[in-house]
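# Fold and contact review
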Amino acid sequence: MAATKNTRAIENADLVRNAESRRSKVLAQTLAKVQEGIALDDAAGNIRVFGPWARELHYVNQHIAVPQVEVDKAAEAYNDVANHLVKKLKWPNEAIKVLPQGSTSTQTLIRSPGNDKFDIDAVCQVDISRISAQDPMRFFKTIGDALTEYSATAKKRCWRLPFNGERFYLEFTPSVPLEKASSQDLDTMAPLYRPDQEYIGTALAVVDTPTEKWKTSNPAGFTKWVDDTSKRKLIRELIAEAADSMGKSASNVSPVPDQDVNISDTLRVAIRLFKRHRDMCARRSLIGKEFQPISIIIVTLLTQCYAGLHDLGRSYSHPVQLLVELAELIRDMVPEVDGEFRVDNPTVPGENFAERWNSDAGQRQTTFRTWCDILAADMRTILAAQNEQEIRSRVRDVFGCPPDSSRPNGSGGSGGTKTAHRPPPPAPITSGLA
Amino acid sequence: MGLDLSRLEKEFDWLNTAPNSRDQGATGYRIRLPEFPAGREFAWAELLLPRGFPDQATARIMLSQDAVLHIPHVEDSGAICIDGDPGPGRGYSAEDRIRLLLFAYKERFLDPWLSGQMDADFEEEPLNYWLIKVERHRSTHDPVRILWCVDKPPGHPTLREGLLLLPSRIVIAAGANEPITNRLVSSLGIMGAQRIRVRLADIPIEHPFTPFTWPRSASDIDRLINGRLGKMDRIEFQRPIRDRRRRVHRVVLLRNDKCRFAYLLPDGPATVIDNGTCRRAYPSQTIPLPLQVERVDPSWTVGRDQHQEVSHRQKQHVLVLGAGALGSVVVDHLAKAGVGFITLVDADILATANIGRHLLGVESVEKSKAEAVAQRINLAYPATVVTPEKISAERWLQKNSLTKVDLILDLTGEPKVRWHVNCARQEHCCPLLIGWMEPFVAAAHVCLLAFGTLWMTGTTDRMGELEAVTWPPDVIRQEPGCSSKFQSYTAAAAAFAVALVAENALKLIDGCVHASCVRSWVRGQRFLDANWQGLKLNKWAHEAAPYDGIVLERPFT
């Protein structure tokens, strides 16, 4: 008889307990030095002590945000493509729905160091009961064909639209809401995993092109999970600032969420800062890009850790304290069950985000550990800074942020040139090869 | 300096026109600086008018040294690298040239810097900034001066050996047993007389390093090694190569297809360099030494990464018969094009009469042409191995088969050789190029014979019928006191023939010739008349008559 896999979900609290039992505590000790003499319940004292770090981390959090003008541009393109699909496919208008997914929807979209493009992930939901597209590959191709004008290229589960000349590209994932599928269709589609009952309403089947089969996915459920978790209160005495309102959009197209996140939204800040830290580690070649931890794993582990800490009744005096806790615990949040590393998708039981960790001779797991160690060491360096200037310089160095900038005032700050006569520019010169 | 800048001071109120004397007769004018946001400061800026401005020199903006490697587009000297002053001879007054420079400084440098628009610009020219860093750390008594890469970056971090060559202080990033290492060592001659094995961590990188991201200390490099090398490799990297020597030079090479960076790690052994001022180099005990890295791999030296065909050429073996005025220079071109292996066959000795149109010069007179050409090319081009054979082509063909030959070039012009090649190809067929020139290089021909096409099917040699001119017998002159015949032509005229042969040989090597044909470079009537009265082009070549020269192609059946 073949051995059956133990796919039982592990409680977040158990994951945290396990991580706590293995933590090195060096970072916690450094933190304790910073807090020396301040009572845990002294809100004002904690805000004062952690203020310089909070200000700098907030600066980083703002710096890594994709500028709103670029998000707006991408959102415009996203809406155009959505409307184009509605027209082109000639399926009933109400049968197609386009929603943001991935970091865009979890408000954890960050810009890459340098001038690399950022991606806007969208999921294109098609009500299978209203069209005849049971064959996954034909369904996938139909959407791709409708995107030819955008030079779409097929990826594993989505179509990438390059938008040459722009700072972003779009990734559209064709999908079918499982809720809308009849039980007969559901069996025919035979998704690899069944959705978790808690998130059944938003579960989708997407096309896994390598296997040419349907695969269960739940980006909206995942977003909801992150969102719900982030609202659980772990910080004493601090009130999170109200989130900015969402923008407007057509009824069948969900808007791209604003990417501005306040430091009091500690879970999202942790996700954004840690993703940035991973990107900087790859830039500095401290970890190999090929095996670096993927964003979905970082988001899942941090959210599980956050939820587990809450389940265990932990509380913190300041977001910086919680960030440090998350930085130290994340390293040991990946359990090894029956000899396999597991990072469970909370919305699709049985799906393991760390599947590839188990077939790469330990490369991804080692790289993950290396990154976590560097993260903890960097946090320690930051916490050990003695004054505001040192804190600023260390934080910005670690997260790869340039100095403050000023808006150009037309004089470069050096004075005016308005009266200066401007000679015509020189004619171009053609060089010969020699 | 007879320039009056008072008008400019009114237009640019941040320019102080009080002159300051600078090195080498230059004059500097201070620029008032804005209030900087924290972290964007530099100490001073100056308009510099060098001696000779405006007639012989170009004005520049100089910044204080704290701007170097802190702000993009600032050179090692502190000069801002922007196109400001168009320079002399472009129709601008000196005053307008300074205006253009000041506008450029403000609009294309200062404003973008203050507003953060230039922050990612270090990534545009990362190696320029790396060289500035290298120069700043360099001293005459460093144990290593430069590192040469001989291959493509590895797919994953790799521990390997390198070879430090003294007294040149070059590290070759390949083991002593690799053929290219030996070729480079031979090329360097006395400059590579002493060889020391070094440890080398060869680590691929995804992004270029910039002053913000490159490792700045030994602990930064340790962190990088810990992150990228496996545990066993890390242990091995620390170990000496030979038991008797406790210390070993360790080099970290970080590279991708576009960029290369390297460090010599601290705590290496003392190294004899004896450069006139210093006998021994003692590496730093604590500070890693940034190193300049150059590529000498074929993809770069041959084609600057723009010719994918180089990797195929590297595996090809070309047999070249004849190392004369045509063969010697064609072999040189094949080597420059990345052909991996060439066997060069010629029994002749270089004579003084040859040197006006041969690859070799007087230093090789009385030497075997094949051996001297091979030596010269083997020393010059590490991507190619030329094996000389100082015997006649006929003899070589009798002693060897063509089984390991990918292409034959018959550049002897000799009927006997053509006959022997014909026989050898009947035994084992491979593509053949026969190349020759007519007197004065009035025409040159390449006959490209694909697999299965023979030069002679009976006993008739077809060279005569392929020629562009029917030559009167007195054009070929008898050398006094010698039985050999010659006809004087210039190396410049022969360069056309060389190009025709070399280009078509490469087409054959690259698999771009699908049908046998003859391609001919034919000069026009004016060229013929200038060299010999009464010469006429044969009928097939009439088309060339009105031109200086054209290339004509005919099928070979």
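Rules used throughout
Residues numbered from 1 in each chain as written. Chains lettered and ligands numbered in written order. Predicted model: local features only at pLDDT ≥ 70, side-chain atom pairs only at ≥ 80, totals over all residues. Heavy atoms only, no water. Helix = DSSP H or I, 4+ residues; strand = E, 2+ residues; numbered from the N terminus. Buried < 20%, exposed > 50% of the residue type's maximum accessible area, 1.4 Å probe, protein only. Contact = heavy atoms within 4.5 Å. Areas by Shrake-Rupley, 256 points an atom, 1.4 Å probe, with all protein chains shown as cover. Salt bridge = Lys/Arg side-chain N within 4 Å of Asp/Glu carboxyl O. Domains from an automatic or database assignment. Buried area = accessible area lost by both parts, 1.4 Å probe. Polar contact = N/O pair within 3.5 Å; in protein donor to acceptor, adjacent residues only side chain to side chain. Pairing = 2+ DSSP bridges. Nonpolar A, V, L, I, M, F, W, Y, C, P; charged D, E, K, R; others polar. Axes fitted to C-alpha atoms, helices over the stretch in contact; angles between N-to-C directions. Phe/Tyr/Trp six-rings, centres within 6.5 Å; stacked < 30°, edge-to-face > 60°. Expected span 1.5 Å × (residues − 1). Core = buried A, V, L, I, M, F, W, Y, C linked by side-chain atoms within 4.5 Å.

## Some thoughts on the overall build of chain A
Check the secondary structure of chain A and you find twelve helices and nine strands. Residue burial in chain A is summarised as follows: out of 434 residues, 54% are buried. Long-range pairs, those at least 24 residues apart, make up 73% of the contacts in chain A between residues at least 6 apart in sequence. Accessible surface for chain A amounts to roughly 20100 Å². Of this, 49% is attributable to carbon and sulfur atoms.

## Remarks on the pattern of salt bridges
Side-chain pairing between opposite charges can occur once the charged atoms of the two side chains come close. Applying the stated criterion to the full structure yields 64 salt bridges over all chains. With a shortest N-O distance of 3.3 Å, Glu166 of chain A and Lys73 of chain A are connected by a salt bridge. Of the two residues, Glu166 of chain A sits in the loop between strand 4 (159–161) and strand 5 (168–177) while Lys73 of chain A sits in helix 4 (residues 68–89), which places them 93 residues apart along the sequence. Notably, a salt bridge pairs Arg247 of chain B with Asp267 of chain B, separated by 3.3 Å at the nearest N-O pair. One end of the pair, Arg247 of chain B, is in the loop between helix 6 (231–238) and strand 9 (250–255); the other, Asp267 of chain B, is in the loop between strand 10 (260–264) and strand 11 (271–272), with 20 residues separating them in the sequence. On the basis of relative accessible area, Asp267 of chain B is assigned to the partly exposed category, the value being 35%. Where salt bridges share partners, they join Arg7, Glu11, Glu95, Asp96 and Arg99 of chain B into one cluster.

## Brief notes about the domain arrangement of chain A
Residue and element names in this part refer to chain A. As assigned here, chain A comprises domain 1 (9–65 + 261–404) and domain 2 (68–231 + 244–259). Taken together, the contacts link 30 residues of domain 1 with 28 residues of domain 2. Between domain 1 and domain 2, a total of about 2500 Å² is buried, with carbon and sulfur atoms accounting for 59% of that surface. By the criterion of area lost to domain 2, the three top residues of domain 1 are Arg268, Arg283 and Thr347, representing 24% of everything that side buries. Ionic pairing is found between Asp227 and Arg268, a salt bridge with its closest N-O pair at 2.7 Å.

## A word on the interface of chain B and chain A
Counting from both sides, the interface comprises 45 residues of chain B and, opposite them, 42 residues of chain A. Around 3600 Å² of area is buried between chain B and chain A when both sides are counted, 52% of it from carbon and sulfur atoms. Area buried by chain B at its contact with chain A is led by Phe103, His207 and Arg223 of chain B, which between them contribute 17% of it. Summed over the shared surface of chain B and chain A, the result is four salt bridges. The partner of Asp378 of chain A in a salt bridge is Arg223 of chain B, and the shortest N-O contact between them spans 2.8 Å. One can count 13 residue pairs in polar contact (both at pLDDT 80 or more) joining chain B with chain A.

## Concerning the pairing of strand 5 (residues 146–149) of chain B
Residues and elements named next belong to chain B. A two-sided burial pattern is seen for strand 5, the buried positions comprising Ile146 and Trp148 on one face and Leu147 and Cys149 on the other. The sheet contact formed by strand 5 and strand 7 (residues 170–172) spans three bridges and is parallel. Residue pairing for strand 7: Ile146 is matched across the bridge by Ile170. Inspection of the sheet shows strand 5 paired to strand 13 (residues 289–295) by four bridges, in the parallel sense. Along strand 13, the bridge assignment pairs Cys149 with Arg295.

## Topic: the domain arrangement of chain B
Residues and elements named next belong to chain B. Structurally, chain B comprises domain 1 (6–119), domain 2 (126–296) and domain 3 (310–555). Counting residues at the interface gives ten residues for domain 1 and eight residues for domain 2. For the pair domain 1 and domain 2, the summed buried area comes to about 700 Å², and 59% of that belongs to carbon and sulfur atoms. Across the salt bridge formed by Asp76 and Arg136, the nearest N and O atoms sit 3.0 Å from each other. Our count for the contact surface shared by domain 1 and domain 2 stands at three residue pairs in polar contact (both at pLDDT 80 or more). Its residues placed into classes, the side of domain 1 that touches domain 2 shows four nonpolar, three polar and three charged.

## Some details on the environment of Leu170 of chain A
Residue and element names in this part refer to chain A. As for its placement among the helices and strands, Leu170 is situated in strand 5. Classification of Leu170 as buried rests on a relative accessible area of 0%. If we skip the residues at most four places from it in the chain, Leu170 touches Ala74, Ala77, Tyr78, Val81, Ile120, Trp159, Arg160, Leu161 and Phe163.

## Some points on helix 9 (residues 327–336) of chain B
Residue and element names in this part refer to chain B. With eight of ten residues buried, helix 9 lies mostly within the body of the structure. For helix 9, the set of buried residues is Gly327, Ser328, Val329, Val330, Val331, Asp332, Leu334 and Ala335. Gly338 sits one or two residues past helix 9 and shows a positive phi near 95°.

## What to know about the sheet that holds strand 7 of chain B
Residue and element names in this part refer to chain B. Pairing is mixed in the closed barrel, where seven strands are placed in the order 5-7-6-8-9-10-13. Taking each pair of neighbouring strands and ignoring which way they run, the sheet shows an average axis angle of 35°. Sheet topology note: the strand 10/strand 13 ladder contains three bridges and is antiparallel. In the sheet register, Leu264 faces strand 13, and the bridge partner there is Leu289. Contacting strand 10 and strand 13, helix 3 (residues 126–137) crosses the sheet at an angle of about 130° to strand 13.

## Things to note about the packing of aromatic side chains
Residues and elements named next belong to chain B. Tallying each qualifying case throughout the model produces 25 aromatic pairs over all chains. Geometrically, the ring pair formed by Trp130 and Tyr263 is edge-to-face, given 5.3 Å between the ring centres and 80° between the ring planes. With Trp130 in helix 3 and Tyr263 in strand 10, this residue pair connects regions lying 133 residues apart in the sequence. Each member of the pair, Trp130 as well as Tyr263, is classed as buried. Pairing Phe440 with Trp532 gives two aromatic rings, centres 6.3 Å apart and planes at 35°, and the pair type is tilted. You can see Phe440 sitting in the loop between strand 18 (432–437) and strand 19 (443–449) and its partner Trp532 sitting in the loop between helix 15 (525–531) and strand 23 (549–555), a full 92 residues away along the chain. A relative accessible area of 21% means that Trp532 is categorised as partly exposed. Here the aromatic cluster, defined as three or more aromatic residues joined through ring pairs, consists of Phe12, Trp14, Phe103, Tyr105 and Phe109.

## Structural notes on the side chain of Arg396 of chain A
All names here are of chain A. With respect to the helices, strands and loops of the structure, Arg396 is situated in helix 12 (residues 388–398). Of note is the side chain of Arg396, whose polar atom sits 3.3 Å from the side chain of Asp404. Beyond its immediate chain neighbours, meaning those up to four positions away, Arg396 contacts Glu56, Tyr59, Cys401, Pro402, Pro403 and Asp404.

## Observations regarding unusual backbone geometry
Note that the residue after Phe53 of chain B, namely Pro54 of chain B, is joined by a cis bond; omega there is 10°. Positionally, Pro54 of chain B belongs in the loop between strand 3 (45–49) and strand 4 (60–63). Note that the residue after Leu166 of chain B, namely Pro167 of chain B, is joined by a cis bond; omega there is 10°. Looking at where Pro167 of chain B falls in the secondary structure, it is placed in the loop between strand 6 (158–166) and strand 7. Positive phi is not limited to glycine here, since Ser151 of chain A has a value of about 55°. Residue position: Ser151 of chain A is located in the loop between helix 5 (136–146) and strand 3 (153–154). The exposure class assigned to Ser151 of chain A is partly exposed, which follows from its relative accessible area of 46%. Non-glycine residue Phe440 of chain B carries a positive phi angle of around 60°.

## So, helix 8 (residues 266–283) of chain A
Residue and element names in this part refer to chain A. Its 18 residues place the ends of helix 8 25 Å apart at the C-alpha level, agreeing with the 26 Å of an ideal helix rising 1.5 Å per residue. The element helix 8 is extensively covered by neighbouring structure, given that 18 of its 18 residues are classed as buried. Positive phi appears at Ser285, one or two residues downstream of helix 8, with a value of about 65°.

## Concerning the sheet that holds strand 1 (residues 20–21) of chain B
Residue and element names in this part refer to chain B. The four strands lie next to each other as 1-2-3-4, forming an open sheet whose pairing is antiparallel. Of all strands in the sheet, those with a lone pairing partner are strand 1 and strand 4, marking the two edges. Across five bridges, the pairing between strand 2 (residues 27–31) and strand 3 is antiparallel. Paired with Arg30 across the two strands is Glu46, which belongs to strand 3. Sheet contacts for helix 2 (residues 94–114): strand 2, strand 3 and strand 4; angle to strand 4, the most-contacted strand, approximately 45°.

## Description of the nonpolar core
Phe274 and Trp371 of chain A together with Leu47, Leu63 and Tyr105 of chain B are the most contacted members of the largest nonpolar core, which totals 131 residues. Tallying contributions element by element places helix 2 of chain B first for this core, with eleven residues. When sequence neighbours within four positions are dropped, the list of residues in contact with Phe274 of chain A reads Ile298, Leu302, Leu323, Leu326, Ala327, Trp371 and Leu375 of chain A. Within the second largest apolar cluster, 47 residues are counted, among which are Ile342, Leu344, Tyr381 and Val501 of chain B.

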